[in-house]
Amino acid sequence: MQSSITVPLDHVPDGSELPAQIGKYRVLGRLGEGATSEVFLCRDDFRGRDVAVKRVRVSAVGDPMEVRYFERFFAAEAALVGQLEHPNVVQIFDAVPDPEQPYLVMEYVAGGTLRPYCRADQLLSLEMIVEIGFKCAMALDYVFRKGLIHRDVKPANLLVSLVNGNVTGVKVSDFGSALNLDSDLTQVHRVGSLAYIAPEQLEGAALDCRADMYSLAAVMYHLIAGRAPLDAPVHSAMVHQIYHGTPESLVPLRAGVTDGLDAVIQRALAKKPDDRFRTWDEFAQALAGLITNRLVPRAQTQGVLDSERFNLLRSLEFFAGFGDVELWEVVHRARWERFHFGHALYRRGEEGRSFHVIALGEVEVFREGQLVAQLGVGTSVGEMAYLAPSKGLRRHSTDVIVAKTATTISFTPDTMAQLSPNARHLFDQAFIHVLVRRLHAAHESLAHPRRIL
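Residues numbered from 1 in each chain as written. Predicted model: local features only at pLDDT ≥ 70, side-chain atom pairs only at ≥ 80, totals over all residues. Heavy atoms only, no water.

A word on empty space enclosed by the protein
Then step 1. Applying the stated criterion across every chain, the model contains one cavity of 30 Å³ or more.
Then step 2. Volume-wise, the largest cavity comes out at about 40 Å³.
Then step 3. The wall of the largest cavity is formed by Arg151, Asp152, Val153, Lys154, Gly192, Ser193, Tyr196, Ile197, Gln201 and Ser215.
Then step 4. Residues of the lining of the largest cavity, tallied by class, amount to three nonpolar, four polar and three charged. (1 Å grid on protein atoms, 1.4 Å probe; cavity = no way out; pocket = protein on both sides within 12 Å on 5 of 7 lines; lining within 4 Å. Points joined across faces, edges and corners; volume = space filled by probe spheres on them. Nonpolar A, V, L, I, M, F, W, Y, C, P; charged D, E, K, R; others polar.)

Brief notes about the nonpolar core
Then step 1. Residues Phe283, Phe319, Ile409 and Phe427 are the most contacted members of the largest nonpolar core, which totals 118 residues.
Then step 2. In contact with Phe283, other than residues within four places in its own chain, are Ala137, Met213, Leu216, Met220, Val264, Ala268 and Phe277. (Core = buried A, V, L, I, M, F, W, Y, C linked by side-chain atoms within 4.5 Å. Buried < 20%, exposed > 50% of the residue type's maximum accessible area, 1.4 Å probe, protein only. Contact = heavy atoms within 4.5 Å.)

Some points on the layout of surface pockets
Then step 1. In this structure, the second largest pocket occupies an estimated 640 Å³ of space.
Then step 2. His86, Pro87, Lys171, Glu329 and Arg333 are, among the 27 residues lining the second largest pocket, the residues nearest its centre.
Then step 3. Only strand S8 (158-163), strand S9 (166-172), helix H9 (324-333) and helix H12 (421-447) provide two or more residues apiece to the lining of the second largest pocket.
Then step 4. At six residues, the largest contribution of residues to the lining of the second largest pocket is made by H9.
Then step 5. The residue makeup of the lining of the second largest pocket, split by class, is nine nonpolar, ten polar and eight charged. (Helix = DSSP H or I, 4+ residues; strand = E, 2+ residues; numbered from the N terminus.)

Everything listed here is a matter of coordinates, which is why it stays silent on function.
Structure below.
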């Protein structure tokens, strides 16, 4: 069962009528169709958004044993309604257990899956593949911390968003095969796709996050080389390859692949879980390090990658209390700007309509021409005027000038309003920490002026 099948919206199989409505959802088109399920693009008029509705045709499954399997797959996803909220995980909004045609309502991702990009004539840039791997690793880390092992990570279950035909984002989908480590319910075992399945998963052993790590590495290998890491003409030979075969080095398979990139992928594809990366975060940081250390060719048109911004935020004191989900919100919602020496972030008397967190560089604060503070990486500026309760107090009382070329992360009231309530709460906490530190510094300056100077 898949959350999305790459079929054009205007394609309707012969003899298959398009329903006008599924429950309260108005049907706009068909996204795809399998032997036992259909996926429709629908409109949720109440919430004013498009959704993907996956409808299971239980009547199309003849074997009663298979019916029970499909019921368990449906139940696995239905149990996750409203539970997964991550920018790189497809949200499940609703589940309706109709006895004949149960259906799931999910976030709609316009763009299809990663399957087309496994073809040798449609390969993505190495930089984009590593970026996709990083985002999926962080998403699957989030899923694992929720007590889930996906167990079916493959190109068809990784949905991509497109802008002008270019891949700009990725989301993990289809949790019908997920193993819930916290559930007491009977769950389907030995699921997955042979081309991407880890040896321990194939043999039915106890699993942890490293089974999904193997599968993601296999997907990345396929995206890089245009072929899966292991292949065989028949099922038995493929099983033998999974247990005993060694994937060929990626270096000779594609121009631009470095030994460093190959080593990261090959380690995650190790036969024994203990020979892979220990955690998702370790794997994600190894991928990010490939970009940071220039072990992956940079695309000529590509600017700063989301993975670079995410890791930069993680290193800043201001965001120390933020979780991964909220950090991704900052990556996507904040305005990232670079300012050169001498640029005035604020002038005395200007109204405060934004605040900046310094990611790189340094600024100096002047009051009536006198230097009163130097602020560096991880500190914020402009928050006092930004947070002021009345317009009369929203005027900056100092000049804030860039002393060393700076990169800042800034927000306005409009962009802050786009953040989740939890992210806004974390900003409030961060502001409190900043203000307490500054009040303490001011107190120390008054009490011990010689020591401070």
